[in-house]
Amino acid sequence: MNKDLLKMDDLTKEEILDILNLADQLKYEHKHNIEHPHLKGKTLGMIFQKSSTRTRVSFEVGMYQLGGNALFLSSRDLQIGRGEPVEDTARVLSRYLDGIMIRTYDQAEVEVLAKHSSIPIINGLTDDEHPCQVLADLMTIREFKTSFDGLKLCFIGDGNNMANSLLVGALKLGIKVSIASPNEYTINEAYVTKGNELSELNNVEFILTNDPKEAAKDADVIITDVWASMGQEAETEKRIKAFKGYQINKDLMSYAKDDAIVLHCLPAHRDEEITSEILESHSSEIFEEAENRLHAQKAVLVKLLKNTNKFN
Ligand code: CP
Ligand code: NVA
């Protein structure tokens, strides 16, 4: 595996499956009180430039369960918030820590941090990608559907970080992907190109449309996310208007397979991108997905931090 996990495309199909298999094993061990202190004595720094409930708590608890420690580093308190270059922060933190999880805006910042760090860097969400969430989503899909064979995954809504990471992860595993977004909120050109490349390479369909019904047709997995992501709060009203018709509700679900599951990375805005009714009737999948953040990320941490010795 690469030193870092910055985006889904950093992982091969085999590496994704290895992570998911280890995540399943760690989940089993955790549920059966079998300790797994793979990261004894290791410390993860967690830099947050945006809010978080799931990412913060699951990474912190995950490190404790692996026998290590986690440090919460708010960018408000770090010198990075006062203009210290990322390049210098990377070199300093590499001397104290064994890994860094960072949640920020610009994907380029994560790339610069990784380039100048001697320790693994994990993307805990940027404007472009949310790979840890997508690993948890893939884990959840396999739990509910037992295999990825022949599945169709449909994402309805904003062409955002979740849509980007999902399309790359799912197409790599041979899952058919359809994405429905309003014309002015489609995924960006780079991810359209990536999706088309993966579709051709893996001989699996990749559909981009502005028709939610077409996207949802015969889907096994229906996914959505908020219409205004962190940093886009000022556009909320405008987006609520633009995304009218892109809600996951009973009518849209009637186009999917009868046994389709519904996922949402959370936090959800009830009765905007998803009705309360659908969210509650699929809460078993959605909250398992939230739990699986813990197990999937522990697998990533073991893969990236266990056998690295930065002093070599
Ligand atoms: N899904 C997710 O990343 O949640 P948080 O923003 O609470 O971390
Ligand atoms: N797209 C959302 C995901 C939150 C976990 C955001 O970036 O705010």
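Residues numbered from 1 in each chain as written. Chains lettered and ligands numbered in written order. Predicted model: local features only at pLDDT ≥ 70, side-chain atom pairs only at ≥ 80, totals over all residues. Heavy atoms only, no water.

Colleague: Mind showing me how you'd approach the overall build of the protein here?
Modeller: Within the protein one finds twelve helices and nine strands. Against the globule reference of 20 Å for 312 residues, the protein gives a C-alpha radius of gyration of 19 Å, in line with a compact fold. Taking the principal axes of the C-alpha coordinates as reference, the protein spans close to 55 × 45 × 35 Å. Each of the 312 residues in the protein was classed as buried or not, and the buried ones make up 56%. If you take every contact in the protein between residues at least 6 apart in sequence, the share linking residues at least 24 apart comes to 76%. Put simply, the protein shows about 13600 Å² of open surface, and 48% of that area lies on carbon and sulfur atoms. When the 36 positive and 50 negative side-chain charges of the protein are each reduced to one mean point, those points stand 4 Å apart. (Helix = DSSP H or I, 4+ residues; strand = E, 2+ residues; numbered from the N terminus. Rg over C-alpha atoms; globule rule 2.2 N^0.38 Å. Buried < 20%, exposed > 50% of the residue type's maximum accessible area, 1.4 Å probe, protein only. Contact = heavy atoms within 4.5 Å. Areas by Shrake-Rupley, 256 points an atom, 1.4 Å probe, with all protein chains shown as cover. Lys, Arg positive; Asp, Glu negative; His and termini not counted. Charge placed at Lys NZ, Arg CZ, Asp CG, Glu CD.)

Colleague: How should I be thinking about the pairing of strand β1 (residues 43–48) in this particular structure?
Modeller: Within a regular strand, the side chains alternate between the two sheet faces. By the criterion of burial, β1 is predominantly enclosed, with six of the six residues buried. Burial of β1 is two-sided: the residues T43, G45 and I47 facing one way and the residues L44, M46 and F48 facing the other way are all buried. Bridge count for β1 against strand β2 (residues 69–74) is six bridges, and the pairing is parallel. Residue pairing across strands places G45 opposite L71, the latter belonging to β2. Taking the sense of rotation as the criterion, the β-α-β connection linking β1, helix α2 (residues 54–65) and β2 turns out right-handed. (Pairing = 2+ DSSP bridges. Right-handed = clockwise from strand over helix to strand, strands pointing away.)

Colleague: Help me understand the nonpolar core, please; the structure alone is not making it clear to me.
Modeller: Within soluble globular proteins, side chains that are nonpolar generally end up buried alongside one another. One finds L135, L138, I141, L167 and L301 to be the most contacted residues of the largest nonpolar core, which totals 59 residues. Core analysis: the next-biggest nonpolar cluster, separate from the first, contains 23 residues, Y246, I248, A256 and I274 among them. (Core = buried A, V, L, I, M, F, W, Y, C linked by side-chain atoms within 4.5 Å.)

Colleague: Whenever I open this one, the pattern of salt bridges confuses me. Can you help?
Modeller: A side chain of one charge can pair with a side chain of the opposite charge when the charged atoms of the two come close. Throughout the structure, instances matching the rule amount to 20 salt bridges. A single salt-bridge network, built from bridges that share partners, covers D9, K172, K194 and E197. (Salt bridge = Lys/Arg side-chain N within 4 Å of Asp/Glu carboxyl O.)

Colleague: Whenever I open this one, helix α5 (residues 131–145) confuses me. Can you help?
Modeller: Residues separated by three or four positions in an α-helix point in the same direction, a consequence of the helix having 3.6 residues per turn. When the terminal C-alpha atoms of α5 are compared, their 21 Å separation across 15 residues agrees well with the 21 Å that a helix rising 1.5 Å per residue should span. Burial analysis of α5 places 13 of its 15 residues in the buried class, which makes it a mostly covered element. Trailing α5 by a residue or two, T146 shows a phi angle of about 65 degrees, which is positive. (Expected span 1.5 Å × (residues − 1).)

Colleague: Before we go on, may I ask you to explain the site of ligand 1 in this structure?
Modeller: Close to ligand 1 lie S52, T53, R54, T55, R103, H130, Q133, C265, L266 and R293. Between Q133 and ligand 1, the recorded distance is 3.0 Å, taken from a side-chain N or O atom to a nitrogen atom. One of the side-chain nitrogen or oxygen atoms of R293 is found 3.0 Å away from an oxygen atom of ligand 1. In the complex, 96% of the free accessible area of ligand 1, which totals 260 Å², lies under the protein chains. Of the residues belonging to the shell around ligand 1, the class tally is two nonpolar, five polar and three charged. (Near = heavy atom within 4 Å. Polar contact = N/O pair within 3.5 Å; in protein donor to acceptor, adjacent residues only side chain to side chain. Nonpolar A, V, L, I, M, F, W, Y, C, P; charged D, E, K, R; others polar.)

Colleague: I tried to follow the UniProt feature "domain: Aspartate/ornithine carbamoyltransferase Asp/Orn-binding" (unreviewed entry) in the protein on my own but got confused; where do I start?
Modeller: The residues that UniProt annotates with the feature "domain: Aspartate/ornithine carbamoyltransferase Asp/Orn-binding" (unreviewed entry) are residues 149–302. With 44% helix and 14% strand, residues 149–302 has end C-alpha atoms that lie 27 Å from one another. (UniProt positions renumbered as here; feature names shortened; annotations may be inferred.)

Colleague: Help me understand the site of ligand 2 in this model?
Modeller: Looking at ligand 2, the residues that line it are L125, N160, N161, D225, V226, S229, M230, C265 and L266. Side-chain polar atom of N160 to a nitrogen atom of ligand 2: 3.4 Å apart, as the coordinates give it. A distance of 2.8 Å separates an oxygen atom of ligand 2 from a polar atom in the side chain of N161. Protein chains bury 94% of the 270 Å² of accessible surface belonging to ligand 2 in isolation. Residues of the shell around ligand 2, tallied by class, amount to five nonpolar, three polar and one charged.

Colleague: How do you make sense of the state of the cysteines when you look at a structure like this?
Modeller: Two cysteines form a disulfide when their sulfur atoms are joined by a covalent bond. In total, this model carries zero disulfides according to the counting rule given. Not engaged in a disulfide, the cysteine C132 finds its nearest cysteine sulfur in C265; these two sulfurs lie 12 Å apart. Cysteine C154 is unpaired, with the sulfur of C265 as its nearest cysteine sulfur at 15 Å. Judged by relative accessible area, which is 0%, C154 ranks as buried. (Disulfide = S-S within 2.5 Å.)

Colleague: Before we go on, may I ask you to explain the UniProt feature "domain: Aspartate/ornithine carbamoyltransferase carbamoyl-P binding" (unreviewed entry) in the protein in this structure?
Modeller: When the UniProt feature table is mapped onto this chain, "domain: Aspartate/ornithine carbamoyltransferase carbamoyl-P binding" (unreviewed entry) is found at residues 3–143. With 44% helix and 14% strand, the stretch residues 3–143 has end C-alpha atoms that lie 28 Å from each other.

Colleague: Even after reading the chapter, I still don't get the side chain of E285, so can you show me in this structure?
Modeller: Mapped onto the fold, E285 is located in helix α12 (residues 283–305). Despite being buried, E285 has no salt bridge partner; K145 is the closest side chain of opposite charge, sitting 8.1 Å away. A distance of 3.5 Å separates polar atoms of two side chains, one belonging to E285 and the other to S284. Ignoring anything within four residues of it in the chain, the contact list for E285 reads T140, F144, I261, V262 and L263.

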